[in-house]
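Summary of structural features
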Amino acid sequence: MKSTTIRRWSFIHTWTSLICTLFILLLAVTGLPLIFHHELEHLLGEAPQLREMPADTPQLSLQQLVQAAERHRPGEVMQYMGWDEDDPNGVVAIMAATAATEPNSSHTFMLDARTAEAVEMPAANGGLLMFFLRMHVDMFAGLPGKLLLAFMGILFVIAIISGVVLYAPFMRRLEFAQVRHEKSTRTRWLDLHNLIGIVTLSWVCAVGVTGVISATADLLIAAWRSESLMAMVAPYRDLPPPERLAPPDRLLQIAGEATPGMEVDFIAFPGTRFSSEHHYAVFMKGSTHLTSHLSKPVLIDAQTLEVTAVGERPWYMDALALSSPLHFGDYGGLPMQLLWAVLDVLTIVVLVSGLYLWWARRRNASVGRAVLQ
């Protein structure tokens with residue numbers, strides 16, 4: 001590689017790294033506890049606990065659960081209902097002042113499907129873990145914060161690619177994984193920076209790309225609403241909103257019959273951003289490990305309970321659904337969480353060492369200029 005080309009790639013690597021490093025460092029630090037968010041919820045006593053009851057205790061109907069939720073949060077409306085992965089008797093309810101209320105202003109709690117008892121979920125509404133999540137997702141700045149982090153994620157990926165390009169000519173003079181202990185402190189850190197960077201290459205690329213996808217979630221959901229969802233609800237476009245909704249008791253049965261072999265993921269109630277004012281949207285997911293992260297909506301008329309559409313989600317929504325578990329490593333159990341944590345810490349080392357190398361280089365250059373003067 002020509003020296004001019006190396007200088008150009010070095011310029012790209014230096015400045016993309018400098019611009020994004022503090023933001024990526026923030027994401028790496030806040031992402032570390034989020035890898036173990038389930039475990040930390042239990043440790044902090046914020047995980048919802050349902051009462052011990054006989055295994056054959058029957059569950060209440062969806063309408064009874066909705067009514068219990070409305071009694072628990074008077075003046076609010078149901079937005080979403082989902083089922084806890086760890087306890088089949090746990091029904092997660094999300095309510096807000098209006099169906100269209102944005103997610104950060106909603107309230108999340110759990111209902112016992114057998115008794116309709118409401119159990120609070122502190123970690124879903126505030127506290128330390130929610131602080132880490134909001135800092136990691138949007139820095140408490142909403143969509144502008146998400147888009148800024150997405151841009152920083154793109155710069156991070158460019159920095160990774162440029163670093164790989166520079167690594168090849170650099171390593172021609174050295175053995176693989178060699179750290180020159182006899183050299184200066186800066187040289188030793190340069191070797192460690194390059195070594196850790198190349199070892200974690202695949203992981204940081206995966207986390208960087210999935211992070212960018214997750215950060216654009218609001219835009220992707222808006223695109224899905226304006227394209228796929230609007231096409232499915234086109235016959236209802238000029239109709240006034242229904243005055244009364246049919247009870248949701250049969251929603252799971254109806255959606256199950258429309259999508260054989262699939263399981264319920266969550267229900268979006270009329271007026272939310274995942275449904276229309278005229279429909280219950282029951283999102284069904286696959287039963288395998290991979291397809292459990294991929295879902296399709298079954299739109300059910302909110303007055304007649306007739307299935308009006310079974311939609312296939314576009315590729316970008318599937319990419320969004322797959323990006324979150326890969327980003328946080330929460331689909332492979334504790335061993336994968338530990339691996340993600342180790343790689344996260346190594347990434348922090350790479351980021352901090354990169355800042356040190358840049359500072360040391362500038363300091364040496366300043367000293368050299370002072371000597372010449």
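Named according to an unreviewed UniProt entry, the protein is PepSY domain-containing protein originating from Stutzerimonas azotifigens.

Along its length, the protein carries twelve helices and eight strands. On the principal axes, the C-alpha backbone points of the protein span a range of 85 × 50 × 35 Å. Here the contacts in the protein between residues at least 6 apart in sequence split such that 60% fall between residues at least 24 apart. Roughly 19,700 Å² of accessible area belongs to the protein as shown, and the carbon and sulfur atoms make up 62% of that amount.

What follows covers the nonpolar core. Formed by 27 residues in total, the largest nonpolar core has its most connected members in Met78, Met81, Leu251 and Ile300. Of all elements in the fold, only α3 (62-72), β1 (77-83), β2 (90-96), β3 (107-112), α10 (251-258), β6 (279-285) and β7 (295-301) reach the threshold of two or more residues within this core. Considering each element in turn, this core owes the most residues, five residues, to α3. When residues no more than four places from it in sequence are discounted, the contact partners of Ile300 are Leu251, Ile254, Ala255, His278, His279, Tyr280, Val282, Leu305, Glu306 and Val307.

Applying the stated criterion across every chain yields a total of 14 aromatic pairs. The interplanar angle of 85° and the centroid separation of 6.1 Å between the aromatic rings of Trp203 and Trp340 together place this pair among those described as edge-to-face. With Trp203 in helix α8 (residues 201-215) and Trp340 in helix α12 (residues 333-372), the pair connects residues that are 137 residues apart, well separated along the chain. In terms of burial, Trp203 and Trp340 fall into one category: buried. Both rings, one in Tyr356 and one in Trp359, keep their centres 6.4 Å apart while their planes meet at 40°; by these two values the pair is tilted. Pair noted here: Tyr356 and Trp359 are both in helix α12, with a separation of three residues, about one helical turn. The exposure class assigned to Tyr356 is partly exposed, which follows from its relative accessible area of 25%.

We now examine helix α7 (residues 185-199). In this model, α7 (15 residues) spans 21 Å end to end at C-alpha, consistent with the 21 Å of a helix rising 1.5 Å per residue. Among the residues of α7, Thr187, Asp191, His193, Asn194 and Ile196 are the ones counted as buried.

On to unusual backbone geometry, then. In this structure, Ala116 is a non-glycine residue whose phi angle is positive, near 65°. Residue placement: Ala116 occurs in the loop between β3 and β4 (118-120).

Turning our attention to the UniProt feature "transmembrane region" (unreviewed entry) in the protein. Under the feature "transmembrane region" (unreviewed entry), the UniProt entry names residues 12-36, 147-171, 192-224 and 338-359. Secondary structure content for residues 12-36 is 96% helix and 0% strand, and the end C-alpha separation is 35 Å. With 100% helix and 0% strand, residues 338-359 has its two end C-alpha atoms placed 32 Å apart.

So, how was this worked out
Residues numbered from 1 in each chain as written. Predicted model: local features only at pLDDT ≥ 70, side-chain atom pairs only at ≥ 80, totals over all residues. Heavy atoms only, no water. Helix = DSSP H or I, 4+ residues; strand = E, 2+ residues; numbered from the N terminus. Contact = heavy atoms within 4.5 Å. Areas by Shrake-Rupley, 256 points an atom, 1.4 Å probe, with all protein chains shown as cover. Core = buried A, V, L, I, M, F, W, Y, C linked by side-chain atoms within 4.5 Å. Buried < 20%, exposed > 50% of the residue type's maximum accessible area, 1.4 Å probe, protein only. Phe/Tyr/Trp six-rings, centres within 6.5 Å; stacked < 30°, edge-to-face > 60°. Expected span 1.5 Å × (residues − 1). UniProt positions renumbered as here; feature names shortened; annotations may be inferred.

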